[in-house]
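Residues per chain are reported as follows:
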Amino acid sequence: MNFSELFKLSGLLGRFSPDGKCLASCVQYRLVVRDVNTLQILQLYTCLDQIQYIEWSSDSLFILCAMYKRGIVQVWSLEQPDWHCKIDEGSAGLVASCWSPDGRHILNTTEFHLRITVWSLCTKSVSYIKYPKACQQGIAFTKDGRYMAVAERRDCKDFISIFVCSDWQLLRHFDTETQDLFGIEWAPNGCVLAVWDTCLEVRILNHVTWKKITEFEHPATIANTKTIVYKEVEKSPSVETERLSFPPTRALASSLFSTESKYDISQVPVSLQYIKPVADRANPKMGIGMLAFSPDNCFLATKNDNIPNAVWIWDIQKLKLFVVLEQLCAIQSFQWDPRQPRLAVCTGNSKVYLWSPAGCVSVQVPMEGAAISWGYAALHR
């Protein structure tokens, strides 16, 4: 792997443009856009307050900057740097903002999740969607941009509404039969919708009847002999005694205090580290905390917050657990390579872990990190 020089970043706000040509990053209230290949600054924008969230439009022509504390979203254009747009939610407040797939509408979720406001940049029209649920991932779009699924909470029950993105009209509305719906995600081919609960399960719904196809549970013990469990093991590199000197060279000192990681295949049954939720603490972490489909629709990666050191990889074609990665540290983030079934995992240390159907590898990187993302031609963190 090749590594660039470090540059300042606030709040882990760094995003690659969908076309892979630019990198947007934030330093407090400034938005910086760089060329991916040279990291030279292309544009510098100044927002009204400290930026808390950024997102590129699907065509890489616009960037939205959300300032939740002020209830404001500012939109900037790369083609016309002098053009900008400001959306002010006023007294309704703002807790989330995102682009629609066409890159010309912005969806703002107001405080207390009273509604979702859909703003059109072209016609300046406004549409409203009621009853959005306050959950981890309550909005999901199909890859082709035609449909949007929204998690809802009505009469103490969970529902999902399917909207047509061309006119924001309601297409379907159904009960999810969940105890506490926590997130939704479309498969890349749009044929199934994953729904996860604060319980230890993920439900897969088909796109015709919206009924459950199967359920993926996350037990603390892996007993199936057909499931491969990769366990990270760490060891200090060996140094020959004749190479030791005082004072040691910088390279030698670095090698003495560094550790190497590799994966061993564990024999099942395997008991994973389980953390019981803290009952007397508000909003304890429990259930499914992360979920992502591979770009080829073959795999689904999940993380159970009660088993924080493990990544579960499911075979979507066979609807069964395929691989479990057991790490030494808690999983901070993971993301699929957009061009092939390869998963990058970050645990907050100075390593990146890569899994593919061929196996696992640990890669040493020059800094610690809690977030990870794939660019058009490289892995970045």
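## What about the nonpolar core?
- Residues Val202, Leu272, Phe293, Leu300, Trp312 and Val324 are the most contacted members of the largest nonpolar core, which totals 22 residues.
- Where this core is concerned, the elements lending two or more residues are strand E18 (192-197), strand E19 (201-206), strand E25 (288-293), strand E27 (310-315) and strand E28 (320-326).
- Non-local contacts of Leu272, meaning those with residues more than four positions away in its chain, are made with Pro219, Ala220, Ile222, Ile307, Ala310, Trp312, Val324 and Glu326.

## Details of unusual backbone geometry
- The linkage connecting Val268 with the following residue, Pro269, adopts the cis geometry, with an omega of 5°.
- Within the fold, Pro269 resides in the loop between strand E23 (260-266) and strand E24 (270-271).
- Positive phi is not limited to glycine here, since Ser60 has a value of about 65°.
- With respect to the secondary-structure elements, Ser60 resides in the loop between strand E5 (53-56) and strand E6 (62-67).
- The phi angle at Trp168 is positive, at roughly 60°, despite the residue not being glycine.

## Looking at the sheet that holds strand E29 (residues 333-336)
- In space, the four strands of this open sheet follow the order E29-E30-E31-E32, with antiparallel pairing throughout. Among the strands making up the open sheet, the edge pair consists of E29 and strand E32 (359-364). Pairs of neighbouring strands in the sheet enclose a mean axial angle of 20°, with direction left out of account.
- Sheet topology places strand E31 (residues 351-356) next to E32; six bridges connect them, and they run antiparallel. For Ser356, the partnering residue across the bridge sits in E32 and is Gly359.

## Re the environment of Trp210
- By secondary structure assignment, the location of Trp210 is in the loop between E19 and strand E20 (212-217).
- In contact with Trp210, not counting residues within four places along its chain, are Ile162, Arg172, Phe174, Trp186, Leu193 and Leu205.

## Brief notes about the side chain of Ser57
- Summarising the element assignment, Ser57 is placed in the loop between E5 and E6.
- Those residues in contact with Ser57 that lie beyond four places of it in its chain are Pro18, Phe62, Trp99 and Gly103.

## Concerning the sheet that holds E18
- The strand order E17-E18-E19-E20 describes an open sheet built from four strands, whose pairing is antiparallel. Strands with a single pairing partner mark the edges of an open sheet, and in this sheet they are strand E17 (181-186) and E20. This sheet shows a mean twist of 20° between the axes of neighbouring strands, independent of strand direction.
- Two elements, E17 and E18, share five bridges in a ladder whose sense is antiparallel. Considered in E18, the bridge of Ile184 is made with Val195.

## A short note on the side chain of Ser333
- Along the polypeptide, Ser333 turns up in strand E29.
- Residue Ser333 is classed as buried on the basis of its relative accessible area, which comes to 12%.
- In contact with Ser333, other than residues within four places in its own chain, are Met290, Ala344, Val345, Cys346, Ala370, Ala371 and Ile372.

## Remarks on the environment of Ala92
- You can see Ala92 is positioned in the loop between strand E8 (84-88) and strand E9 (96-99).
- Look at Ala92 and you get partly exposed, because its relative accessible area is 22%.
- The residues touching Ala92, leaving out its near neighbours within four places in the chain, are Thr110, Glu111 and Arg115.

## Considering the packing of aromatic side chains
- Considering all chains together, one arrives at 14 aromatic pairs under this definition.
- Ring geometry for Trp336 against Trp355: centres 6.1 Å apart, planes inclined by 80°, an arrangement best described as edge-to-face. One end of the pair, Trp336, is in strand E29; the other, Trp355, is in strand E31, and 19 residues separate them in sequence.
- What makes Trp336 buried here is its relative accessible area of 6%.
- In this structure an aromatic cluster arises from ring pairing among Phe299, Phe322, Trp336 and Trp355.
- Sitting above the plane of the Phe7 ring, Arg34 keeps its charged end 4.2 Å from the centroid.

Quick notes on the rules
Sequence order as written defines residue numbering, which begins from 1 separately in each chain. Restriction of local features to residues with pLDDT of at least 70 applies here, the model being predicted, together with a cutoff of 80 or more for giving and counting side-chain atom pairs; totals for whole chains, interfaces and linings are based on all residues. To obtain the side-chain values, all non-hydrogen atoms of the structure were used and water was disregarded. Nonpolar cores were defined as sets of buried Ala, Val, Leu, Ile, Met, Phe, Trp, Tyr and Cys residues, with membership established by side-chain atoms within 4.5 Å. Under the scheme applied here, a residue whose accessible area is under 20% of the maximum for its type counts as buried, over 50% as exposed, and between as partly exposed, the area being computed with a 1.4 Å probe on protein chains only. The helix and strand labels rest on DSSP assignments: H or I over at least four residues marks a helix, E over at least two residues marks a strand, and numbering proceeds from the N terminus. Whether two residues are in contact is decided by their heavy atoms, any of which lying within 4.5 Å being enough. Any two strands with at least two DSSP-identified bridges between them are counted as paired. Working convention: axes come from line fits to C-alpha atoms, limited for helices to the stretch in contact. Angles between N-to-C directions cover 0 to 180 degrees. A pair of aromatic rings is counted whenever rings of Phe, Tyr or Trp (Trp by its six-membered ring) have centres within 6.5 Å, and the orientation is called stacked for planes under 30 degrees apart, edge-to-face for over 60 and tilted otherwise. Should the NZ of a Lys or the CZ of an Arg lie within 6 Å of a ring centre and within 35 degrees of the ring normal, that charge is described as sitting over the ring.

None of the figures reported here should be taken as evidence of function without further support.
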